[in-house]
Amino acid sequence: MHILTAIGIALGAGTIVTDRFIHKIPNWLAIVLYSAAVALILAGMIAARNAGLIK
């Protein structure tokens, strides 16, 4: 697993846990955080494929 993918998954999970259990996150901020998480996951998958980790 590429480091960008791991960071994206952690960001998405952290956003969910924070929003549900700790403190309600405003919708606009949640959308930005989820979008960043998806972008990091996709970038990590592309980087891993280019590095030869995924065939």
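Preceding this paragraph is the structure being described.
From a predicted model like this one, the values you see are computed outputs, not experimental measurements.

Engineer: It is not clear to me how the overall build of the protein should be interpreted in this structure. Could you clarify?
Structural biologist: Helix and strand content of the protein: 2 helices and 0 strands. Counting every position in the protein, which comprises 55 residues, the buried fraction comes to 18%. Within the protein, contacts between residues separated by at least 24 positions form 65% of all contacts whose residues are at least 6 apart in sequence. About 4,100 Å² of surface is accessible on the protein, with carbon and sulfur atoms providing 73% of the total.

Engineer: Honestly, helix α2 (residues 27–50) in this entry has me stumped. Any pointers?
Structural biologist: One full turn of an α-helix is made of 3.6 residues, so residues set three or four places apart face in the same direction. Between its first and last C-alpha, α2 extends 35 Å over 24 residues, near the 34 Å set by a 1.5 Å rise per residue. Among all positions in α2, only A30, A37, G44 and A48 are buried. Its buried side turned inward, α2 meets α1 (3–22). Count one or two residues on from α2 and you reach G52, which has phi positive near 90°.

Engineer: What am I meant to see in the side chain of D19 here?
Structural biologist: Positionally, D19 belongs in helix α1. In terms of polar contacts, D19 uses its side chain to reach the backbone amide nitrogen of I25, at 2.9 Å. Filtering out sequence-adjacent residues up to four positions away, D19 remains in contact with K24 and I25.

Engineer: Could you clarify how one ought to interpret the environment of T5 in this entry?
Structural biologist: Among the structural elements, T5 can be located in helix α1. Exposure remark for T5: the relative accessible area of 9% places this residue in the buried category. In sequence terms T5 and A37 are 32 residues apart; their C-alpha atoms lie 8.6 Å from each other. Not counting the four nearest positions on each side in its chain, T5 is found in contact with L40, I41, G44 and M45.

The rules behind each value
- Residues numbered from 1 in each chain as written.
- Predicted model: local features only at pLDDT ≥ 70, side-chain atom pairs only at ≥ 80, totals over all residues.
- Heavy atoms only, no water.
- Helix = DSSP H or I, 4+ residues; strand = E, 2+ residues; numbered from the N terminus.
- Buried < 20%, exposed > 50% of the residue type's maximum accessible area, 1.4 Å probe, protein only.
- Contact = heavy atoms within 4.5 Å.
- Areas by Shrake-Rupley, 256 points an atom, 1.4 Å probe, with all protein chains shown as cover.
- Expected span 1.5 Å × (residues − 1).
- Polar contact = N/O pair within 3.5 Å; in protein donor to acceptor, adjacent residues only side chain to side chain.

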